[in-house]
Amino acid sequence: MNTRIKFALTLICVACFAYNNIYAQQDSIKTHQLKTVEVKALVRSNSNLSTSPEQTITKSAFTKINAFQVSDALKFLSGVQIKDYGGIGGLKTVSLRNMGAKYTAVAYDGIPITNYMTGQVDVGRFSLDNVEMLRVNIGEADNIFLPARLQALGGSLDIITRPSNLSDENKTKLAASFKTGSWGLINPSIFARVPIHENFIFDGSFEYLISDGDYPYKQTYGLGSNAQTVSRNRVNSDIETFKGEINLSGVLNNGGELSSKIHYYNSDRGIPGPSFYYNENNTGERVKDENTFAQIGYKQSLNHKWKFQANAKYDISNTDYNNLQTLKKDRYEQTEAYANAILLYRTTDNLSFSLSNDVSYGTFNSYDVEDAKQTSLQTSLSGKYRTSRFTATASLLNHYNNNSKQVNSTFNKKSNHISPYLGVSVRPLKDRALRVRAFYKNAYRLPTFGDLYYADVARNLKAENAHQFNIGFTTVRSSGILFPYFSFSIDAYYNKIDNKIVIEPRQSQFKASVRNLGNVDIKGLDLNLEFHIAVSSNVTAEVSSSYTFQDVKENKEGRKLILAYTPKHSGSTYLSLRMPWFNFNYNILFSGKRYYNQEAEPEFKLDAYSEHGVSLNKLIKYKGYSLNLSAECLNIYNKQYEVVRSYPMPGRSFRFGIKFIH
């Protein structure tokens, strides 16, 4: 039997065994009355109640998986694919169930992030230093009190930063950290929180990062007995970034919640080219990015039935591209004005409805394109019914887009499309915390400005139309001293995408060719297992595993072609030991073989790989001060592999960190 299938079956068997043992313990465990303890923390959603798969990673888990950037943490979620071009500065995009990065809506503290040029967000630009939690929804979140744009695509990623008003509300707080490591990594950051009123808090965070990124790798020339392997160093992979953010949040006298944010990001980085055929030293391309956005949100409970929310955002992004070899220069400027209003009506304790309206106006300019504009309106009518054993969520979302330029006869300047969603979650057995869930969703997206207007890529593009189907079951238990936590979920899904748009790397990761495929069928299975074991009174072991099986085919003239860069089998596991002396973490990432062409031929194969990492961290507390020390080794077996063909990933590396909190 295939070893990957054995791994998946093992996960199921372990889940069933632990699940039964947890229930077997319940009658024999003695009950002790504990003293009352007040806990203040970010609320983690109960994902097993949702009608669609929801996965979260909290701040406490970031060290367990050696996560440095948001993209590092997301690799440990099932059904999530990160396209990584290597190194800290390499582009990193997130795709859910291989629908493509442009089908993933990304939000920063609940307000969408947009890139009119590419339609995809580089999640590698976000460090985890000021992130409290990551939440990924595949399909649609059961929370109907959300902007319509976060309901519009195949799934969403919400990056939730430090919740200033949820802990230590009346205390000034200072945190400073410093990280260093292989390949010239230097990464200091500072955070300060100051109460300025009994109901308001001001905080700011600033971070600087620099790395030369010149990690070593091995380059093989030729085939068979004529093959030669030489050692090289990655070039033009350096990066220097600065990020600053200030926030003001609080509660008004009428009970309304106000939050505001100003975010600034600046980077100067090289774009490492592909390494093949004696062309490993492609040093010509450099990119400077500057992004500033300001956003404000307001929530108000009008009475016990009505609730109102409004959000607004203005975003300015500039990208300077310079190719020193071809002397090609370009400047890409984009702006967006965005506003959203949501009205929630709760008819009973079980039934609620919402109406969400989003409007945005975006502009795009470059040397090749002038005054490209897009106006978008998205309106969502949603309803949710929930009891202790049944949840149903439904929505109708209308997309309206108006582009200022007509590109070709296949693309319409104006478009209008209605997308439905229906999801249900049922607890069939009253005495078992087992839930069955299913959903259907239609998602629709237009080509981006970059897809349409770049002079040197394909332009004859049609809008994509996707149909998502999912069925699965999930359980979460907390029982007894030995097994304080256990969760397991399994989901089978089928996605059908018409006119799928694919981006294929050429000589550059900055500009790639774009084209429509025919109809694409995506069949898959996601498994997630997590459990905690109380080894002793002061030692706890935490184990988390995920597995994804996918079969992706394009139907083209009666032929079944695969989708490039899609492994059939992938997964991850981490083990964390919480001990009074220090914490020990070990993690594994695995990906099966892939092909960089639609033909599954040996010459197009990318080998399977697994990457192992280990870390130690120690928290020292004294009165009101704390010091966190960490040491990490990534890719401890120095495995050389590629996520994207000819873009070698880093080998063994080290990171060390110290963080002071008062």
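Because the structure is predicted, anything quoted here is derived from the model rather than measured. (Residues numbered from 1 in each chain as written. Predicted model: local features only at pLDDT ≥ 70, side-chain atom pairs only at ≥ 80, totals over all residues. Heavy atoms only, no water.)

Peer 1: What is the right way to read a nonpolar patch on the surface from this model?
Peer 2: On the surface, L174, I190, V194, I196, F202, F206, F242, I246, I262, Y622, Y625 and F660 cluster together into a nonpolar patch covering about 1000 Å² of accessible area. Secondary structure elements with two or more residues in the nonpolar patch: β9 (185-197), β10 (200-211) and β13 (239-251). In terms of residues, the nonpolar patch owes the most to one element, β9, which gives 3 residues. (Patch = residues over 30% accessible without salt bridge, like charges linked within 9 Å, V, L, I, M, F, W, Y side chains within 5 Å. Areas by Shrake-Rupley, 256 points an atom, 1.4 Å probe, with all protein chains shown as cover. Salt bridge = Lys/Arg side-chain N within 4 Å of Asp/Glu carboxyl O. Helix = DSSP H or I, 4+ residues; strand = E, 2+ residues; numbered from the N terminus.)

Peer 1: What am I meant to see in empty space enclosed by the protein here?
Peer 2: The method is simple in principle: a probe with the dimensions of a water molecule rolls over the atoms, and the space it marks as empty is what remains. Tallied over the entire structure, the rule returns 5 cavities of 30 Å³ or more. Of the voids in this model, the largest cavity is the one considered here, and its volume is about 580 Å³. Looking at the largest cavity, it is lined by 28 residues, and the ones nearest its centre are T114, G119, R149, L153 and Q374. Classifying every residue of the lining of the largest cavity by side-chain character gives 12 nonpolar, 12 polar and 4 charged. Surrounding the second largest cavity, 33 residues form its lining, D72, L634, P650, S653 and R655 being those nearest its centre. In terms of residue class, the lining of the second largest cavity is built from 13 nonpolar, 14 polar and 6 charged. (1 Å grid on protein atoms, 1.4 Å probe; cavity = no way out; pocket = protein on both sides within 12 Å on 5 of 7 lines; lining within 4 Å. Points joined across faces, edges and corners; volume = space filled by probe spheres on them. Nonpolar A, V, L, I, M, F, W, Y, C, P; charged D, E, K, R; others polar.)

Peer 1: How should the confidence of the model for the protein chain be read in this particular structure?
Peer 2: When pLDDT is low, close inspection of the predicted coordinates is not appropriate. Residues with a pLDDT of 70 or more make up 84% of the protein chain, whose mean pLDDT is 82. Considering only residues more than four positions removed or in separate chains, one finds that residues 3-45, a stretch of pLDDT under 50, has 63 contacts. Confidence drops under pLDDT 50 across residues 164-168; counting only partners more than four residues distant or on other chains, this segment forms 9 contacts. (pLDDT = per-residue confidence, 0-100. Contact = heavy atoms within 4.5 Å.)

Peer 1: Before we go on, may I ask you to explain the sheet that holds strand β7 (residues 155-161) in this structure?
Peer 2: Either a parallel or an antiparallel arrangement is found when strands of a sheet pair, and the pairing is made through backbone hydrogen bonds. The strand order across the open sheet built from 5 strands is β1-β6-β7-β4-β5, with neighbouring strands paired in mixed fashion. The sheet terminates laterally at β1 (54-58) and β5 (111-113), the two strands that pair on one side only. Between one strand axis and the next, the sheet turns by 25° as a mean value, whatever way the strands run. By the bridge criterion, 5 bridges tie strand β4 (residues 104-108) to β7 in an arrangement that is parallel. For A107, the partnering residue across the bridge sits in β7 and is D158. (Pairing = 2+ DSSP bridges. Axes fitted to C-alpha atoms, helices over the stretch in contact; angles between N-to-C directions.)

Peer 1: Got a minute to help me understand the environment of R389 in this structure?
Peer 2: Position of R389 relative to the elements: it lies in the loop between β19 (372-386) and β20 (390-403). Sequence-distant contacts of R389, that is, excluding residues within four places in its chain, are made with S425, V426, R427, P428, L429, K430 and R435. Side-chain polar atoms of R389 contact the backbone oxygen of P428, separated by 2.8 Å. (Polar contact = N/O pair within 3.5 Å; in protein donor to acceptor, adjacent residues only side chain to side chain.)

Peer 1: I would appreciate a short explanation of the packing of aromatic side chains in the present structure.
Peer 2: By convention here, two paired aromatic rings are described through the distance between centres and the angle between planes. Evaluation of the coordinates by the stated rule reveals 14 aromatic pairs. Centroid distance Y609 to Y641: 4.0 Å. Interplanar angle 15°. Geometry classified as stacked. Residue Y609 is found in strand β34 (residues 609-622), and its partner Y641 is found in the loop between β35 (625-634) and β36 (642-644); the two are separated by 32 residues along the sequence. Y641 matches Y609 in its accessibility class, with the two residues each being buried. Chaining the aromatic ring pairs together yields one cluster made of Y108, F126 and F293. (Phe/Tyr/Trp six-rings, centres within 6.5 Å; stacked < 30°, edge-to-face > 60°. Buried < 20%, exposed > 50% of the residue type's maximum accessible area, 1.4 Å probe, protein only.)

Peer 1: Is there a simple way to explain the pattern of salt bridges in this structure?
Peer 2: Pairing between side chains becomes possible if they bear opposite charge and their charged atoms approach one another. Applying the stated criterion across every chain, the model contains 22 salt bridges. Across the salt bridge formed by D268 and R286, the nearest N and O atoms sit 3.5 Å from each other. Separated by 18 residues along the polypeptide, D268 in strand β14 (residues 257-270) and R286 in strand β15 (residues 285-301) bring together distant segments of the chain. Accessibility expressed as a relative area gives 24% for D268, which makes it partly exposed.

Peer 1: Sorry, what's going on with the pairing of strand β12 (residues 228-233) here?
Peer 2: Here is the key point about a regular strand: its side chains alternate between the two faces of the sheet. With 0 of 6 residues buried, β12 lies mostly on the surface of the structure. Relative to β12, strand β11 (residues 216-221) is paired through 6 bridges, and the arrangement is antiparallel. Residue pairing for β12: Q219 is matched across the bridge by V230.

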